[in-house]
Amino acid sequence: MRETKMDRNKILLNIQRSRIKPVNLPEPFCSAEKEGDKTILFKEMLMQTGGDCIEVNSTEELNSLLDNNFRGATDLRRNELFKNFLSYSNKDSLERLKTVILEGQFGVAENGSIWIDDSNFPNRLISFICEELVVCLDSKQIVSNMHEAYLRIDNAISGFGVFISGPSKTSDIEQHLVYGAHGAKKLVVIISHQSILE
Amino acid sequence: MTNHAHRAARFLKNEERAAWHDKTLWMVRKKRDLMALDVPDWEELREQASQIKRHSLSKLDDYLVQFEEHAINNGAQVHWASTAGKLNEIVYQIIKENNASRIVKSKSMLTEECGLNPFLEKRGIEIIDTDLGERIIQLKREPPSHIVMPAIHIKKEEISELFHRELNSEEGNTDPTYLAATARLHLRQKFIEAEVAITGVNFAVAENGAVVVCTNEGNADMGVHAAPIQIHCMGIEKVIPRLSDLAVFTRLLARSATGQPITTYTSHYLNPKPGGQMHIIIVDNGRSELIGKEDYRDSLKCIRCGACMNTCPVYRRSGGHSYHYVIPGPIGSILAPHSNSKEYEDLPFASSLCGSCSDVCPVKIDIHGQLYRWRQDLSQQGARSPIKKGIMKVSGKILASDKMYDWSGKVARWCIKYLPRVLIYNRLNTWGRERELPEVPRESFKEWYNKNFREGDKNGQK
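Residues numbered from 1 in each chain as written. Chains lettered and ligands numbered in written order. Predicted model: local features only at pLDDT ≥ 70, side-chain atom pairs only at ≥ 80, totals over all residues.

**Student:** Could you clarify how one ought to interpret the environment of Asp-67 of chain A in this entry?
**Tutor:** Residue and element names in this part refer to chain A. Relative to the elements of secondary structure, Asp-67 occurs in helix H3 (residues 59–69). Using a count of 9 C-beta atoms within 10 Å as the deciding quantity, one classes Asp-67 as exposed. Taking C-alpha positions, Asp-67 is 23 Å from Gln-105, a pair spaced 38 residues apart along the chain. (Helix = DSSP H or I, 4+ residues; strand = E, 2+ residues; numbered from the N terminus. Buried ≥ 20, exposed ≤ 12 C-beta atoms within 10 Å, placed from the backbone.)

Right, dumping it as structure tokens:
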């Protein structure tokens, strides 16, 4: 659009004209870590944000948990299911998704959030449109705070990435907290204390 | 035209509601305090945020170009709009080119500022606000009264009535959970039908072209990922240099805004979905000019958390609508006069200058300092009422002269003591309308001091 090119030059010129004295960019900052066990802190914060937490100690435990509590869930950690969804864009069918299981890349202790990106889901809408989201997380993959989190991401975001902290929520009606505003109504994080998900 | 004071008086007529408003926002402020205390180095974090923003503003042209380059490389289309009208035109063009007619939008104070909704509606395009609070006020045909909690001025009984009328919900059911579920169902349909999703932007990262949007409801993501076309509207001041800078801002934003450790969703959009389109519109609308004003430049650091509103004794007791500008509260009062210094000349005076806004501001904007400077600038432009001007002139004379000062004190003390009430509490005494004047002392401090300490001087006391 030629029109917006003109606007581009106008805006940039205007900024340059009022150019102010240079101000230094501070060095990347990392504040002190909070004391205490990161997994415990993560769990605490997750619960505070309305998420549920289950801990398992072995592959068998995880499998039987998924079998007993999340039977019929769409487990996107399984390759064949993941591939099936890749070319899948029928929103009406996605809307019928009940429980979806994903693998989380890492958790952040200070706020109970989990980082996932395009490599963890075959369709960006899935983790928002499903009723219940289950995220599996390796307990070794928990960083202290957001500074460490962004260091960890290190500019390697595929195309879309998101920190999710608890289920979707709103307080827009008289500040009354309600879960399940638009996105998942429930978020369950399964923390594995053994690196079993390679 | 009615000014802030008149509108505030109207708001305060409903005493019960005004008290609720005050109490509720103070509760949010307290939640913010708990969060701030819980973060080690909170003050250092604020300082960092302030410096990063000041640096970004000092090199804004470079960072915008850098951001544009990366965004284009990622696969986004970047547009520039020097004015509000241009933004509206660009959005309209994208919609038309794609033969779209169903639009969803998540919260964006920028599109509110530019009047995008009425512009599109005039052209027959349905645009649905998807944030619950925004949907409520859209159905009610009202502007937002707070930038984070747009429907904070509305009670659940009114929402119940509104939803019953507009969305067919159960009559008289005022349960917030039920009402939110009603909205969820209604908006689900809108998300699935939408062809275009519009969002605001919290941060834009120069070094990788990412657009970052923070929501609790997930409405930005529902819209963006469901619709084939996504449009992100951002002011030029939203750009920050590095991905690592996001750590500083995401730690501050939700804690300051609502007292949460982070918003439920912090989404980073870099490229369009397969087969989709991603548009980014960079909007100036007066901002580049504001950069040139040294005294007021820092207002562009604002990350729109709303903490200054929640803490403000005037905002809490007068409601967002009394500010009659798109952004209410202290930050709105320093931004508004830039867009129209005549229309908004009352706003910098709608403050007690207590400074609490500056104390809670996560990016350390000297908000009350700017309010004070605006008062001086606006007064010079003739913003004061003739009465106030007269009072100031007389006060100046009196305060400049010893004798006049002593004499006028005596006269005032005598008047308050002996004149009949109707003469003192008249229309001219606006201060006395809601308050009682203090009890008059027998003598002035000067008289009292002279009587009690004069001799003391001789004894070497001071």
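**Student:** Could you clarify how one ought to interpret the nonpolar core in this entry?
**Tutor:** Across soluble globular proteins, you tend to see nonpolar side chains buried next to one another. All names here are of chain B. Ranked by internal contacts, the top residues of the largest apolar core, which has 167 residues, are Leu-87 and Ile-282. Looking at which element gives the most residues to this core, the answer is helix H12 (residues 245–257), with eight residues. Contacts of Leu-87, omitting those with residues within four sequence positions, involve Ala-81, Cys-114, Leu-116, Cys-233, Ile-281 and Val-283. (Core = buried A, V, L, I, M, F, W, Y, C linked by C-beta atoms within 7 Å. Contact = placed C-beta atoms within 7 Å.)

**Student:** Even after reading the chapter, I still don't get the sheet that holds strand S2 (residues 102–105) of chain B, so can you show me in this structure?
**Tutor:** Two strands in a sheet stick together by hydrogen bonds in their backbones, pointing the same way (parallel) or opposite ways (antiparallel). Residues and elements named next belong to chain B. The strand order across the open sheet formed by six strands is S1-S10-S7-S4-S2-S3, and the pairing between neighbours is parallel. Every other strand in the sheet has two partners, leaving strand S1 (77–81) and strand S3 (126–129) as the edge strands with one partner each. Strand after strand, the sheet turns through a mean of 20° between neighbouring axes, direction not considered. Bridge analysis of strand S4 (residues 196–199) against strand S7 (residues 229–235) gives four bridges, and the strand direction is parallel. Looking at S7, one finds that Ala-197 is bridged to Gln-230. (Pairing = 2+ DSSP bridges. Axes fitted to C-alpha atoms, helices over the stretch in contact; angles between N-to-C directions.)

**Student:** Got a minute to help me understand the sheet that holds strand S9 (residues 265–269) of chain B in this structure?
**Tutor:** Taken together, eight strands build an open sheet; the order of strands is S7(A)-S4(A)-S5(A)-S8(A)-S9(B)-S6(B)-S5(B)-S8(B) and the sheet is mixed. With one partner strand each, in any of the chains shown, strand S7 (142–143) of chain A together with strand S8 (239–240) of chain B form the two edges of the open sheet. One ladder, built from three bridges, connects strand S4 (residues 106–108) of chain A with strand S5 (residues 113–117) of chain A; its direction is antiparallel. Bridge assignment links Phe-106 of chain A to a residue of S5 of chain A, and that residue is Trp-115 of chain A.

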